[in-house]
Amino acid sequence: MGARKPRILWCGEASFLHTGYSVYAKEVLTRLYETNKYEIAELACYASRNSPESNGTPWTVYHNMPDNTEEQSQYASSSKNQFGEWRFNDVCLDFKPDIVIDIRDWWMIEYQERSPFRPFYQWAIMPTIDSSPQQEQYLYTYKNADAVFTYSEFGKSVVESQTHGNIKVRNIAPPAADYKSLKPARNKEEHRQSFGFM
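Thresholds applied
- Residues numbered from 1 in each chain as written.
- Predicted model: local features only at pLDDT ≥ 70, side-chain atom pairs only at ≥ 80, totals over all residues.
- Heavy atoms only, no water.
- Core = buried A, V, L, I, M, F, W, Y, C linked by side-chain atoms within 4.5 Å.
- Buried < 20%, exposed > 50% of the residue type's maximum accessible area, 1.4 Å probe, protein only.
- Contact = heavy atoms within 4.5 Å.
- Pairing = 2+ DSSP bridges.
- Helix = DSSP H or I, 4+ residues; strand = E, 2+ residues; numbered from the N terminus.
- Axes fitted to C-alpha atoms, helices over the stretch in contact; angles between N-to-C directions.
- Disulfide = S-S within 2.5 Å.
- Patch = residues over 30% accessible without salt bridge, like charges linked within 9 Å, V, L, I, M, F, W, Y side chains within 5 Å.
- Areas by Shrake-Rupley, 256 points an atom, 1.4 Å probe, with all protein chains shown as cover.
- Salt bridge = Lys/Arg side-chain N within 4 Å of Asp/Glu carboxyl O.
- Phe/Tyr/Trp six-rings, centres within 6.5 Å; stacked < 30°, edge-to-face > 60°.
- Lys NZ or Arg CZ within 6 Å of the ring centre and 35° of its normal.

Draft legend 1. Seen up close, the nonpolar core. In this structure, L9, L43, F88 and Y142 are the most contacted members of the largest nonpolar core, which totals 48 residues. Once residues lying within four places of it in the same chain are set aside, the contact partners of Y142 are W106, I125, P127, I129, Q134, V148 and I167.

Below you can see the structure in the form of structure tokens.
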């Protein structure tokens, strides 16, 4: 029997939706999956079991939307449940992740720090830092992550300077674009004409 592959749990907007977070999730998860080095699961916010788009997803998908009246009541009890808070601990119990990754705003991820399962997973976050100064409670949460990434040099600078170097940003992550679709046009003149620019 081979060694157990590390288990990565991605939390965020479902990778098969069409939001910025979803596109990012799809691109990163696809690349991780294609390495065949990890077992991957996704806590898919804004998706239900009835979402037909999730059928083609090659990794495990835990849908965040409620399935019945009892769950709807629980889901509606807190606005944070839309970000996965109400399902997170159950998903951790079932999947047993070694690594949890989230790339959203502080109020969407902070519950992962409070989970009773926090000692059992490495927590990698990439918060959207687009203003300065950051609130102290945000920085406190980021400091308790095992790895912090940012979207920009600005975000890196804000986090590191505001914490006097106590948070070392691991890296600035490049945009997760679909590089198969984004290619230079073979014939620029034909391309311009096809879009009516000539």
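Don't stop here, the text continues.
Draft legend 2. Looking closely at the sheet that holds strand β4 (residues 99-102). With parallel pairing, seven strands are arranged side by side in an open sheet as β3-β2-β1-β4-β5-β6-β7. A single partner strand is all that each edge strand has here, and the edge strands are β3 (60-63) and β7 (171-172). Summarising the sheet, strand β1 (residues 7-13) and β4 pair through four bridges and their orientation is parallel. Each bridged residue has a counterpart across the sheet, and for L9 the counterpart in β4 is V100. Sheet contacts for helix α1 (residues 20-34): β1 and β2 (39-45); angle to β1, the most-contacted strand, approximately 165 degrees.

Draft legend 3. Representation of the state of the cysteines within the structure. Taken as a whole, this structure holds zero disulfides when the rule is applied. The structure places no disulfide on C45, whose sulfur is separated from the nearest cysteine sulfur, that of C11, by 7.3 Å. Look at C45 and you get buried, because its relative accessible area is 0%. Not engaged in a disulfide, the cysteine C92 finds its nearest cysteine sulfur in C11; these two sulfurs lie 7.1 Å apart.

Draft legend 4. Local environment of a nonpolar patch on the surface. Residues F195, F197 and M198 make up a contiguous nonpolar surface patch of about 420 Å² in total accessible area. Within the fold, F195 resides in the segment after α8 (188-194). Taking relative accessible area as the criterion, F195 reaches 55% and is therefore assigned exposed.

Draft legend 5. Looking closely at the packing of aromatic side chains. Evaluated as defined, the whole model comprises six aromatic pairs. Taken together, a centroid distance of 5.4 Å and an interplanar angle of 75 degrees make the contact between F88 and Y111 edge-to-face. Residue F88 is located in helix α3 (residues 85-95), and its partner Y111 is located in helix α5 (residues 111-114); the two are separated by 23 residues in the primary sequence. Of the two residues examined, F88 and Y111, each falls in the buried class. Centre to centre, the rings of F88 and Y121 are 6.0 Å apart; their planes meet at 85 degrees, and the pair counts as edge-to-face. Linking F88 in helix α3 with Y121 in the loop between α5 and β5 (122-125), this pair joins segments that are 33 residues apart in sequence. No difference in accessibility class separates F88 from Y121, as the two residues are buried. Among the aromatic residues, those joined into a ring-pair cluster are F88, Y111 and Y121. Positioned over the ring face of F95 is R7, at 5.4 Å from the centre of the ring.

Draft legend 6. Structural view of the pairing of β1. Burial runs high along β1: seven of the seven residues are buried. Note that β1 and β2 share seven bridges and pair parallel. Within β2, the residue paired with C11 across the bridge is L43.

Draft legend 7. Structural detail: the pattern of salt bridges. Counted according to the given criterion, the structure contains 12 salt bridges. Between E39 and R7 there is a salt bridge, with its nearest N and O atoms 3.6 Å apart. Note that E39 is positioned in strand β2 and R7 in strand β1, a separation of 32 residues in sequence. Notably, a salt bridge pairs D67 with R87, separated by 3.8 Å at the nearest N-O pair. Linking D67 in the loop between β3 and α2 (69-76) with R87 in helix α3, this pair joins segments that are 20 residues apart in sequence. Taken together, the shared-partner salt bridges connect R49, D67, E71 and R87 into one network.

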